[in-house]
Each structure stands twice: as C-alpha cells, then as structure tokens.
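Understanding the architecture of this molecule
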Amino acid sequence: MGRVSRRAFAVAALSAFTMMPQASAATGRRGGAPDSEMRGVWIASVANRDWPSKSGLSAAQQRAELLTHLDTAAGNRLNTVFFQVRPTADAMWPSPYEPWSQYLTGTQGKDPGWDPLGTAVEEAHARGLQLHAWFNPYRVAVHADPSRLAASHPARENPDWVVTYGGKLFYNPGLPEVRAFVEDAMLDAVAKYPVDGVHFDDYFYPYPVAGQTFDDDAAYDEHGGGFPDRAAWRRDNIDRLVRETADRVKEVRPGARFGISPFGVWRNAGTDSLGSDTTAGVETYDDLHADTRKWVREGWIDYIVPQLYWNIGFAAADYAKLLPWWAEAARDSSTQLYVGEALYKAGDPAQPAAWQESGELSRHLRLAGEYPQVRGHVYFAAKDVAADRIGAMARVVADHYGQPAPPPR
C-alpha cells in the first residue's frame, strides 16, 4: 500500500468498525456488535529476522521496509503489530540506558539517523494498527564475548551482572539491581511513546543447554535464603519482574496493556496433574522458571499468547490438546488469551506433512472458535506474512478475516 493511500485506508478501516451490522467481525461465535479480536503479527529484529532485512541499510531503506511490513499487516486485516525494540539489551529508540541496536547499522551504539520506534508507533496508528513494544528482558548478546559489546554497554560496565551460558550472554535475573535496571530501560520507551502495549517473549531464564549450568551461585547465596530450593527462588525472581513491570506500565502509561508470549507448555501432565496432555521436552515452570499459569490465574498480566507452534495431531504437543488446556487456564481469569501461531512453519519442507497443507492454520482458528476464552491469534512472523509461501495466511484471511475487527481492550 502506497504512502498516499495509507491514511485513507486507516479512516476506512476505523469507519468499518463503527458502521458494521450487529454481527461478528470474525467468527461470530460471541454475537453482538463487531467482535474485538486479536489479529497480530510479530516483527522480530533480533538477528535481522524480519526487520531490517540486514544491518547497514540506509535510514530510508530501513524505514521503507518497516512501512511495507505495516502495510502488509493492514492489507491482511490484522490489527496489531508486536515490534521488537529491545532484542539484545539494546534499543530501537534513542535510549539513555542502552546503546543503539547493532541490527540497525551493524555497529552497536551507532546512531542510525532516525527513530524506528517513534516512526513505527506513528505509522502503525496511521494505518489503524495498534503497536505493542516487544522487549527481551535478560538477553545481552547471542555471542559470548563481552568485548564485542559497545564500550559503554551496561554489561561491560557491570560485568558481575552477566552470566555466560550456552555460548551467549545473559543478565542474571537473580540480582535485584539487574531487575531494576532492565525495568528502567524498558519503561523509558513506554514513557516516551504512546505504545498500546508492552510485550515480553518466552525468554526468562535461558532454555536448557545439555551439560551446562547457569552459574548464579553467588546471587543465590546472597538472595536465596528462605526458599526451599534454587528453582523456587528463580521462579520468584521472574514473578517479581512480571508483577513489577505490570505495576510500572500502569503507572507510566495507564492505557497500555502488558502481555507475554511464553513457550506453549507450562508443565506436562506426567510432571504435574495440572499440566497438559503433552510430553514436551521443555516445561516453562521447570526449565525457564516461568510460572505462566500462575500469571494468568492471578491476573498479573493483561493477556497471554502461548506459542502453540505445533500442528493438530502432533504427538508430543498436540495443538488440539494444548488449546483447551490454555482455555481452561484462562477461564474466569482477567487475563485474555490469544494464541501464538507458527506461520513460519507453513510450507517449510523441514516440517511435518501437516505444515505442507495451506489449510492447517485455518483449521487452528476454526478449532479455537469453539473456545470463548480464545480472543484471537498472533502470527510468527512478519516476513512469513509477506512471503506466504503456500497461501496459509491468505487462507486464514479468506476463511476468518472477511471483515475488519478491532483488537481487544
């Protein structure tokens, strides 16, 4: 969609929200005025996954690519973008806390000559899209060499904050000063820009690496007293981050919503009778020390987007079994449930046969329509919406997104 037409598109879309007849804008399962429904897409910047397509592009090229992603989202009748603005303890806006992201210019700390987050918010809103600023709290680098960080990087100035694990650098979630710092760094963006939401992904304590230990002995010795074991202490550290961030978002920008997109399995039923009928190799409660079910049940977060990145019938983690489990977890909770969808798998020859069928994702939405707790879907990720290798996204739009729909509030 060209620059001339985008504001006209936004006006038309917003008018459609108010003029549509008294019927569902999406599946119609709840009836009444046009249903609010999350139709989101993640725009990942880490490792130049979605945007910018490579580091070192000019400011004009970066901006043009970003606007194309926004146009593509709007053209597919999506209503929300989740824009990754802090991929590796860095920033996609002029931050007083952390350096400019290396994924912009190729050099961490180098000014790209424009403000990506400011532009993204303005241009998303011009298209009738909401924008949630997506932050990764604890990842410092996808390599293990602190000398490669910008000279002024807080991780270099505070090396005792950093743990090397699995060939990467992480801030230590067990240090209260780290938690305070990452909250301050993230909330700087929330204070400066009229974002519609604040979003965390699935990285808390890092995913397990066989044969390696996350070395937080000193922090545990100093701060772990009173907990039955290290795992309970680690979960409390993440609980504190979630609760404190939620409170601070409401203070800084009361209208913004706070949500998280965790790995899709809380615990297997074989580990915990409350768990899902799965045999996943990772359980967020035990491995990432993220008690995602608790956050939902306690209403600490406004929404949750479990990454249900498996096909219907997948033995270890069946979409058709995880969906009702999450619906039950969200039942009678103030936390809204959206489902993270693996669009990136559609048409990938390395994936199971189900993902070679253009209708797999459409079947996901049809199944989700049977559960009133499910308030929408978010697709990973932007370049896959654009490429749509086998027409899976086009099928979703044709089958389920015949009319615009406003995002949930």
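Structure shown above.
This report concerns the structure included in the present document. Each residue is numbered by its place in its chain's sequence as written, counting from 1. Given that this is a predicted model, residues contribute local features only at a pLDDT of at least 70 and side-chain atom pairs are listed and counted only at 80 or more, while totals for whole chains, interfaces and linings are drawn from all residues. Side-chain measures here rest on the full set of heavy atoms in the structure, leaving out hydrogens and waters.

1. Brief notes about the overall build of the chain
- Put simply, DSSP H or I for four residues or longer makes a helix, DSSP E for two residues or longer makes a strand, and each gets a number counted from the N terminus. Of the regular secondary structure elements, the chain holds 14 helices and 11 strands.
- C-alpha atoms define the radius of gyration in this analysis, and the globule rule sets the expected value at 2.2 Å times the number of residues to the power 0.38. A compact globule built from 409 residues should have a C-alpha radius of gyration of about 22 Å, and the chain, at 21 Å, falls within 12% of that.
- Taking the principal axes of the C-alpha coordinates as reference, the chain spans close to 60 × 55 × 45 Å.
- Using a 1.4 Å probe on the protein chains alone, a residue whose accessible area is under 20% of its type maximum counts as buried, one over 50% counts as exposed, and one in between counts as partly exposed. For the chain, the residues scored as buried account for 58% of the 409 residues in total.
- Any pair of residues with heavy atoms lying within 4.5 Å of one another is described as a contacting pair. The long-range share in the chain, meaning contacts at least 24 apart out of those at least 6 apart in sequence, stands at 72%.
- His is not counted, nor are the chain ends; Lys and Arg add positive charge and Asp and Glu add negative charge. Here the site of a charge means atom NZ of a Lys, CZ of an Arg, CG of an Asp or CD of a Glu. Between the averaged position of the 42 positive side-chain charges in the chain and that of its 51 negative side-chain charges there is a distance of 6 Å.

2. Description of the nonpolar core
- Each nonpolar core is a collection of buried residues, namely Ala, Val, Leu, Ile, Met, Phe, Trp, Tyr and Cys, held together in the definition by side-chain atoms within 4.5 Å. Counting 120 residues, the largest nonpolar core has Phe135 and Tyr171 as the members making the most contacts within it.
- For Phe135, the residues in contact, after removing those within four places along its chain, are Val85, Arg86, Trp93, Met186, Ala189, Val190, Val198, His199, Phe200 and Asp201.

3. Notes on the side chain of Arg127
- With respect to the element layout, Arg127 can be found in the loop between α4 (116-126) and β3 (130-135).
- With relative accessibility at 2%, the residue Arg127 sits in the buried group.
- Within the local environment of Arg127, its side chain forms a polar contact with the side chain of Asp71, the two groups lying 2.5 Å apart.
- For this analysis, a polar contact is any N or O atom pair within 3.5 Å, provided that within protein one partner can donate a hydrogen and the other can accept it, and provided that sequence-adjacent residues contribute only side-chain to side-chain pairs. Separated by 2.9 Å, the side chains of Arg127 and Glu123 make a polar contact.

4. Things to note about the packing of aromatic side chains
- To pair, rings of Phe, Tyr and Trp, with the six-membered ring standing in for Trp, must have centres within 6.5 Å; the planes then decide the type, stacked if under 30 degrees apart, edge-to-face if over 60, and tilted in the middle. Counting across every chain of the model gives 25 aromatic pairs.
- Pairing Trp51 with Trp114 gives two aromatic rings, centres 6.1 Å apart and planes at 80 degrees, and the pair type is edge-to-face. With Trp51 in the loop between β1 (38-43) and α2 (59-75) and Trp114 in the loop between α3 (102-105) and α4, this residue pair connects regions lying 63 residues apart in the sequence. By the burial criterion, Trp51 is buried, and Trp114 matches it.
- Taken together, the ring pairs in this structure connect Trp42, Phe82, Tyr303, Tyr309, Tyr338, Tyr344 and Phe380 into an aromatic cluster.

5. A few points about the pattern of salt bridges
- Salt bridges are defined by distance alone: a side-chain nitrogen of Lys or Arg within 4 Å of a carboxyl oxygen of Asp or Glu. The tally for this structure, following the rule as stated, stands at 25 salt bridges.
- Of the charged contacts, one joins Glu183 and Arg248 as a salt bridge, the two residues approaching to 3.3 Å between their closest N and O atoms. Within this pair, whereas Glu183 is found in helix α6 (residues 176-192), its partner Arg248 is found in helix α8 (residues 230-252), the two being separated by 65 residues in sequence.
- By relative accessible area, which is 2% here, Glu183 ends up buried.
- For Arg248, a relative accessible area of 26% corresponds to the partly exposed category.
- Measuring nitrogen to oxygen at the nearest pair gives 3.8 Å for the salt bridge that ties Asp399 to Arg366. One end of the pair, Asp399, is in helix α14 (residues 392-400); the other, Arg366, is in helix α12 (residues 360-368), with 33 residues separating them in the sequence.
- Assessed through its relative accessible area of 46%, Arg366 is described here as partly exposed.
- Connected through salt bridges with shared partners, the residues Arg63, Asp71, Glu123 and Arg127 form a single ionic network.

6. Remarks on the layout of surface pockets
- Using only the protein atoms, space was sampled on a 1 Å grid; points where a 1.4 Å probe fits but cannot get out form cavities, open sets with protein on both sides within 12 Å along at least five of seven lines form pockets, and lining residues are those with an atom within 4 Å of a point. Grid points are joined across faces, edges and corners, and a volume is the space filled by probe spheres set on the points. By volume, the largest pocket amounts to about 300 Å³.
- For the largest pocket, the lining is made up of 18 residues, of which Trp134, Asp201, Asp202, Tyr203 and Phe380 are closest to its centre.
- Here the term charged refers only to Asp, Glu, Lys and Arg, the term nonpolar to Ala, Val, Leu, Ile, Met, Phe, Trp, Tyr, Cys and Pro, and the term polar to all other amino acids, Gly among them. The residue makeup of the lining of the largest pocket, split by class, is 10 nonpolar, 3 polar and 5 charged.

7. A look at the sheet that holds strand β5 (residues 162-165)
- Across the sheet, which stays open at both edges, the 3 strands sit in the order β4-β6-β5 with antiparallel pairing between neighbours. Each edge of the sheet is formed by a strand with only one pairing partner; in this case those strands are β4 (139-141) and β5. Pairwise comparison of adjacent strand axes, ignoring direction, gives a mean angle of 35 degrees for this sheet.
- Being paired, for any two strands, means DSSP has found at least two bridges between them. Relative to strand β6 (residues 168-171), β4 runs antiparallel, the two sharing 2 bridges. By the bridge assignment for β6, Arg139 is matched with Phe170. Angles shown run from 0 to 180 degrees and are taken between the N-to-C directions of axes, each axis being a line fitted to C-alpha atoms and, for helices, limited to the stretch in contact.

8. A look at α12
- A large share of α12 lies buried, amounting to 7 of its 9 residues.
- Inspection of α12 places Glu360, Leu361, Ser362, His364, Leu365, Leu367 and Ala368 among the buried residues, and these make up the whole buried set.
- Along its buried surface, α12 packs onto α11 (319-330), β10 (336-341), β11 (374-379) and α14.

9. Details of the environment of Tyr171
- Looking at the element boundaries, Tyr171 is found in strand β6.
- The class of Tyr171 is buried, set by a relative accessible area of 0%.
- Sequence separation between Tyr171 and Gln356 is 185 residues, and the spatial gap between their C-alpha atoms is 39 Å.

10. Things to note about the pairing of strand β8 (residues 257-260)
- Alternating positions in β8 separate into two faces, Arg257 and Gly259 on one and Phe258 and Ile260 on the other, with burial throughout.
- Taken together, the 4 bridges between strand β7 (residues 197-200) and β8 define a ladder with parallel strand orientation. Residue pairing in the sheet places Val198 in a bridge with Phe258 of β8.
- Pairing analysis gives 2 bridges linking β8 to strand β9 (residues 303-304), with the strands arranged parallel.

Limitation: the analysis is restricted to geometry and does not speak to function.
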